[in-house]
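# Structure assessment
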Amino acid sequence: MTARIDLTLDCTDAQRLAEFWKLALGYIDEPPPPPFATREEWLAQFDLPEDDEDDAAWLCDPQGAGPRLSILKVPEPKTAKNRLHIDIRVPGHGSDEERWSRIRAEADRLVAAGATVQHVYDGHHITMADPEGNEFCVAAGPADRT
């Protein structure tokens, strides 16, 4: 059996970062685990301070293929480069110019959503940072996938 993974991002503003990653990945808010009807009901079992209520977000791929994403508020700031990052893959079919055009268009879309460009590797990939500085890349996927 293959293990499933979840990814967790630490941050200072979970709701803002969740909105960015929902747009970037096409993810949705993850429903609360059964038997809970709401995320608030689920959180109530942990006896958390009231001000922790909006300090986390849980996202999932609506098709169930990608890893779940937990976004958690932490008190300490980001101080160094990520040792693990997300790669956002655009369709890899077509000519080199077509793939590069899709990579640039996706990077432009993410900049409009609050990301910043860190480095452009012409024709190959673009290194970016989300609104809280977490690094990620935009690159083409395998040519056999669309």
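Bear in mind that the values here come from a model prediction, so they are computed numbers and not experimental data.

### Some points on the nonpolar core
Of all hydrophobic cores here, the largest spans 26 residues; its most connected members are W21, I71, I88, L110, M128, F136 and V138. Put simply, the parts of the chain that give this core at least two residues each are β1 (6-11), α1 (14-25), β3 (56-60), β4 (68-73), β5 (86-90), α3 (96-112), β7 (125-129) and β8 (135-140). Counting residues per element, this core draws most heavily on α1, at six residues. Those residues in contact with M128, other than ones at most four positions away along the chain, are A107, L110, V111, A115, T116, V117, Q118, N134, E135, F136 and V138.

### Digging into the environment of I5
Following the sequence through the fold, I5 ends up in the segment before β1. Along the backbone, I5 and G66 are 61 residues apart, and their C-alpha atoms lie at a distance of 8.8 Å. Not counting the four nearest positions on each side in its chain, I5 is found in contact with P67 and R68.

### Brief notes about the environment of A113
Relative to the assigned elements, A113 resides in the loop between α3 and β6 (116-121). With 92 residues separating them in the primary sequence, A113 and W21 have C-alpha atoms 9.4 Å apart. What A113 contacts, discounting residues up to four positions off in sequence, is F20, L23 and P131.

Cut-off values and rules
Residues numbered from 1 in each chain as written. Predicted model: local features only at pLDDT ≥ 70, side-chain atom pairs only at ≥ 80, totals over all residues. Heavy atoms only, no water. Core = buried A, V, L, I, M, F, W, Y, C linked by side-chain atoms within 4.5 Å. Buried < 20%, exposed > 50% of the residue type's maximum accessible area, 1.4 Å probe, protein only. Helix = DSSP H or I, 4+ residues; strand = E, 2+ residues; numbered from the N terminus. Contact = heavy atoms within 4.5 Å.

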